[in-house]
Amino acid sequence: MNFSFFRKKKAKEQYTVGFYNLENLFDTKDDPNTLDDDFTPKGFKKWSMKRYKRKVYKLAKTISEVGKESSKIPPVLMGVAEVENEEVVQDLINAEPLRDVNYGYVHYDSPDERGIDTALIYHKDNFEVVYSEPITLFLYEEDGTRDTTRDILYVKGNLNKEEIHVFVNHWPSRRDGQDETSLKRIEAAKTIKTYMAKIEEKTNNPNYIIMGDFNDGPESASIQYLMQSDQLYNPMEKLLSPNRGSASYKKKWLLFDQIIVSHNFFNFEKGTHSFANANIFDQKFLTEFKGKYKGAPYRTYVGRKYIGGYSDHFPVYIQLKYNS
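Throughout, a residue's number is its position along its own chain's written sequence, starting from 1. Two thresholds apply to this predicted model, a pLDDT of at least 70 for residue-level local features and 80 or more for giving and counting side-chain atom pairs, whereas whole-chain, interface and lining totals are computed over all residues. Side-chain measures were taken over the full set of non-hydrogen atoms in the model, leaving aside hydrogen atoms and water.

### Here we look at the packing of helix H2 (residues 49-65) against helix H4 (residues 86-94)
Only the contacting stretch of a helix is used when fitting its axis, a line to C-alpha atoms as for every element, and angles between N-to-C directions run 0 to 180 degrees. Only DSSP runs of H or I with at least four residues qualify as helices, and only runs of E with at least two residues qualify as strands; both kinds are numbered from the N terminus onward. Contact pair H2 / H4: the axes reach a minimum separation of 8 Å and the direction vectors enclose 60 degrees. Put simply, H2 runs oblique to H4. The interaxial crossing formed by H2 with H4 has right-handed handedness. Here Tyr52, Val56, Leu59, Ala60 and Ile63 of H2 lie close against H4, whose contacting residues are Val88, Asp91 and Leu92. Any angle from 65 to 115 degrees is called roughly perpendicular, while one under 35 is roughly parallel, one over 145 is roughly antiparallel, and all others are oblique. Here a crossing is taken to be left-handed if its near helix is turned anticlockwise relative to the far helix by less than a right angle, and right-handed if that turn runs clockwise. Only heavy atoms enter the contact rule, under which two residues are in contact if any of them lie within 4.5 Å.

Take a look at the structure:
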């Protein structure tokens with residue numbers, strides 16, 4: 001008896017939700033309002049249209065492969081960070097590996113001084129956007145000046161007709177030191193919790209997916225603050241090990257890229273989604289294949305040297321099973 005039909009049907013019911021920090025996906029044009037000069041043909045990085053198109057193709061190919069083994073279709077949701085503007089998101093979904101996928105996106109320009117934003121790419125066959133907005137993160141330096149950073153992208157929508165609330169994050173970096181910047185990331189966590197409280201005033205037991213590059217690992221104060229409510233579960237906690245992570249710094253693995261879900265993804269009612277698994281998409285083609293950084297993410301630049309890789313982060317993803 002041929003059981004392949006049943007296997008196929010089962011595979012189709014599993015949906016991939018991913019997040020990917022694209023590492024400086026800038027176009028080649030100079031924006032006079034942001035610090036993007038390095039990523040221009042005459043800039044420090046000698047960023048050309050050829051290099052840009054090559055990077056866009058590689059990132060699109062990667063996104064098309066995430067979760068493919070067990071869901072058979074490209075991700076239904078893919079949060080992205082470090083995109084310069086709406087045009088680069090459009091170029092990404094129009095690139096040949098994704099061109100035939102019915103993708104749309106949500107993007108807002110953020111006040112970040114470098115001009116990098118977050119966005120949510122979604123499969124129109126499976127996800128319908130109901131409402132979206134950028135949530136401004138108000139951070140201040142000790143002298144009272146505002147530290148402009150990426151907004152938190154909020155999208156409310158229906159995934160296969162089930163309502164979900166998605167937050168796409170790229171929290172303040174550790175560039176000025178881990179301890180010095182920790183309070184900024186705790187402030188980001190507080191901002192999300194405040195917004196969740198507003199949602200809960202109107203919605204009973206909402207479904208949350210909180211994804212992003214948090215610039216903090218699962219054990220950090222900011223993520224632990226977010227997890228204080230008993231309604232969230234972080235499946236990424238189990239993935240970090242000395243040999244594995246989503247980014248590498250000084251040969252040490254980090255898991256700053258995470259996808260956190262609410263506990264109601266563990267029910268099995270008809271017409272809902274339940275959590276199936278979580279993983280880091282660290283396929284060999286995304287890694288440095290030789291030298292002292294062998295196995296680390298194959299990035300586009302090392303300093304000013306162009307090496308033509310993908311990103312300095314691996315994508316992370318979860319899979320949800322639809323209960324039919």
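Back to the write-up after that little detour.
### Some points on empty space enclosed by the protein
Any empty space left between the atoms is revealed when a probe the size of a water molecule rolls over them. Both site types are read off a 1 Å grid over the protein atoms alone. A 1.4 Å probe that fits but cannot get out defines a cavity, while an open set with protein on both sides within 12 Å along at least five of seven lines defines a pocket; lining residues have an atom within 4 Å of a point. Grid points are joined across faces, edges and corners, and a volume is the space filled by probe spheres set on the points. Taken as a whole and assessed by the stated rule, the structure comprises one cavity of 30 Å³ or more. Lining the largest cavity are Tyr108, Ser110, Asp117, Thr118, Pro134, Arg150, Asp151 and Leu153. Residue composition of the lining of the largest cavity, grouped by class: three nonpolar, two polar and three charged. For this scheme, ten residues count as nonpolar: Ala, Val, Leu, Ile, Met, Phe, Trp, Tyr, Cys and Pro. Four count as charged, namely Asp, Glu, Lys and Arg, and the remainder, Gly too, count as polar.

### Concerning the side chain of Lys45
Its place among the elements puts Lys45 in the loop between strand E1 (14-25) and H2. The rule is simple: take the accessible area with a 1.4 Å probe, protein chains only, and divide by the maximum for that residue type; under 20% is buried, over 50% is exposed, in between is partly exposed. What makes Lys45 buried here is its relative accessible area of 14%. If we skip the residues at most four places from it in the chain, Lys45 touches Asp38, Phe39, Arg51, Tyr301 and Gly303.

### Things to note about the sheet that holds E1
Only strands joined by at least two bridges in the DSSP assignment are considered to pair. Strands sit in the order E3-E4-E2-E1-E16-E13 across an open sheet of six strands; the sheet is mixed. Sheet topology places strand E3 (103-107) and strand E13 (273-280) at the edges, where each strand pairs with a single neighbour. When strand polarity is set aside, the average angle formed by the axes of neighbouring strands in this sheet is 20 degrees. Sheet topology places strand E2 (residues 77-83) next to strand E4 (residues 117-123); six bridges connect them, and they run antiparallel. Among the inter-strand pairings, Met78 is bridged to a residue of E4, identified as Ile121.

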